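Close look at the chain arrangement
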Amino acid sequence: MLAAGMLGACSMMEDDQSDCPTGLYVSFKYDYNLQRADMFKDHVGSVTVYVFDEQGRFVTKQTEENKYGEEPLKKYGYQMNIKNLPDGKYQLMAFAQQKPYADTSAEGANFVVSEPKKGDGMEALHARLDRTTLRSDVPMAMVDNKGVSLDTLWNGFNTHFVEVCSARPSYDTISLVRDTKMLTVTLRHLDADKQADISTDDFEVFIVDNNGWINHDNSLREDEYLLYTPFRLWETDFKNENGEVVQRAAHFGLMFSRLMYYAEAKKYASLVIRNKESQEEVAKINLSDCLAQGRNAVDYMRYSQQEFLDREYNYSLDFFLQGNHWKYVDLRISILSWSKRIQNVEL
């Protein structure tokens, strides 16, 4: 039995090693979410791994994508096999998206991932969101989504090294963090005479933040301020038994890049709601601070504000208006049916 096992196993003494595992095998997981479940095979459609040597110099990259009729990333336990790496220690990084990278440039604004050259340092790897300069005298650019949501972006950065040896296979895992977020803003009137009259045409809703440039380690590079506008607008009518609209809700769908939580009052992402006719600000809130209050839904996990913002990716804010100002807002997140009412203390 021992002899048979030795004959059937891969051996450095045999000429034919076509069935032997060789090189570096990289696994992926995306469980950095509130569900704490690995959603990699269900969410990710394209992933590129960047390999850096022990001195932090770029060596090579490899990409795998799902295509029509062939979806390797959907297979349970998928591993990327990187071959022909010289013996040594390597550090792995990754950017992943929901669809093949070439398809993301076809419509709307997307993240453009840099292409480091052989020998470049890690700082050469980054992802920068498309933007359009508004005016030369205004230090702000607009993310022109053209009515299309951003393609989802994930970042993976291993702080440890994996050792590669030609005499045996090596294995490593990259954990991904989702950097693109979804927010649905809903406006409703509390005033009885306005409840059925609200419209998406009446308001401007936008986010301002300087978060459109992501480094190799998922930190944010110094950037100009970006203006995020809704990629989708729609309305919901609530009718009585006679078919008359008695209340209407106006909805605005926005997508944006990674949110950072700052303790400094002057440095934060702003959500602004403005009345188009009067140009009066209906609401202006610290978006990061507001959304981070959702961590109360999973208080037992003791997430910090930043960890919660990085784990969650789908938020809803329902603003209830009285006159030209918001009285309170309901915050909802993607898990369960949790919600929290936040009162406007300024009223």
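Here, every reference points to the structure presented above.
Notes on the structure follow. Every chain's residues receive numbers from 1 upward, in the order its sequence appears when written. The model is predicted, so local features are restricted to residues of pLDDT at least 70 and side-chain atom pairs to those at 80 or more, both for listing and for counting; the totals for chains, interfaces and linings are taken over all residues. Side-chain metrics rest on all non-hydrogen atoms present in the structure, leaving aside hydrogens and water.

1. Observations regarding the sheet that holds strand 23 (residues 339–343)
DSSP calls a pair of strands paired once it identifies at least 2 bridges connecting them. The secondary structure listing takes helices from DSSP runs of H or I that are at least 4 residues long and strands from runs of E that are at least 2 residues long, numbered from the N terminus. Judged by pairing direction, the sheet is mixed, and its six strands sit side by side in the order 17-18-13-21-22-23 without closing on themselves. Pairing within the sheet leaves two strands with one partner each, and these edge strands are strand 17 (232–239) and strand 23. Strand-to-strand twist in this sheet, taken as the mean axis angle between neighbours without regard to direction, amounts to 20 degrees. Taken together, the eight bridges between strand 21 (residues 314–322) and strand 22 (residues 325–333) define a ladder with antiparallel strand orientation. When the sheet's bridge partners are listed, Phe 320 is paired in strand 22 with Tyr 328. To get an axis, a line is fitted to the C-alpha atoms, and for a helix only the part in contact is used. The angle between two axes follows their N-to-C directions and goes from 0 to 180 degrees.

2. Side note on the environment of Gly 77
If you trace the backbone, Gly 77 turns up in the loop between strand 3 (58–65) and strand 4 (79–82). For the exposure calls, accessible area comes from a 1.4 Å probe over protein chains only, and a residue counts as buried if that area is under 20% of its type's maximum, exposed if over 50%, partly exposed in between. Residue Gly 77 is classed as exposed on the basis of its relative accessible area of 58%. With 142 residues separating them in the primary sequence, Gly 77 and Ser 219 have C-alpha atoms 29 Å apart.

3. Notes on empty space enclosed by the protein
Cavities and pockets were defined on a 1 Å grid built over protein atoms only: a cavity is a set of grid points that admits a 1.4 Å probe from which the probe cannot escape, a pocket is an open set flanked by protein on both sides within 12 Å along at least five of seven lines, and lining residues are those with an atom within 4 Å of any such point. Grid points are joined across faces, edges and corners, and a volume is the space filled by probe spheres set on the points. If you walk through the whole model with that rule in mind, you get one cavity of 30 Å³ or more. Looking at the largest cavity, its volume works out to about 50 Å³. Along its surface, the largest cavity is lined by Val 143, Asn 145, Val 148, Ser 149, Leu 150, Tyr 228, Thr 229, Phe 231 and Met 255. Under the scheme applied, nonpolar residues are Ala, Val, Leu, Ile, Met, Phe, Trp, Tyr, Cys and Pro; charged residues are Asp, Glu, Lys and Arg; polar residues are all the others, including Gly. Of the residues that constitute the lining of the largest cavity, the class distribution is six nonpolar, three polar and no charged.

4. Section: the packing of aromatic side chains
The rule is short: rings of Phe, Tyr and Trp, with Trp giving its six-membered ring, pair when the centres are within 6.5 Å, and they are stacked under 30 degrees, edge-to-face over 60, tilted in between. Summed over the entire model, instances satisfying the criterion amount to 10 aromatic pairs. For the ring pair Phe 28 and Phe 40, a centre distance of 5.3 Å and an interplane angle of 10 degrees mean the geometry is stacked. Of this pair, Phe 28 sits in strand 1 (residues 24–29) while Phe 40 is found in helix 2 (residues 40–43), placing the two residues 12 residues apart along the sequence. You'll find Phe 28 and Phe 40 in the same group, each marked buried. Taking the centre distance of 6.4 Å and the plane angle of 50 degrees together, the rings of Tyr 50 and Phe 58 count as tilted. The pair Tyr 50 / Phe 58 is uniform in exposure class, with both members buried.

All quantities given are derived from atomic positions and should not be read as evidence of function.
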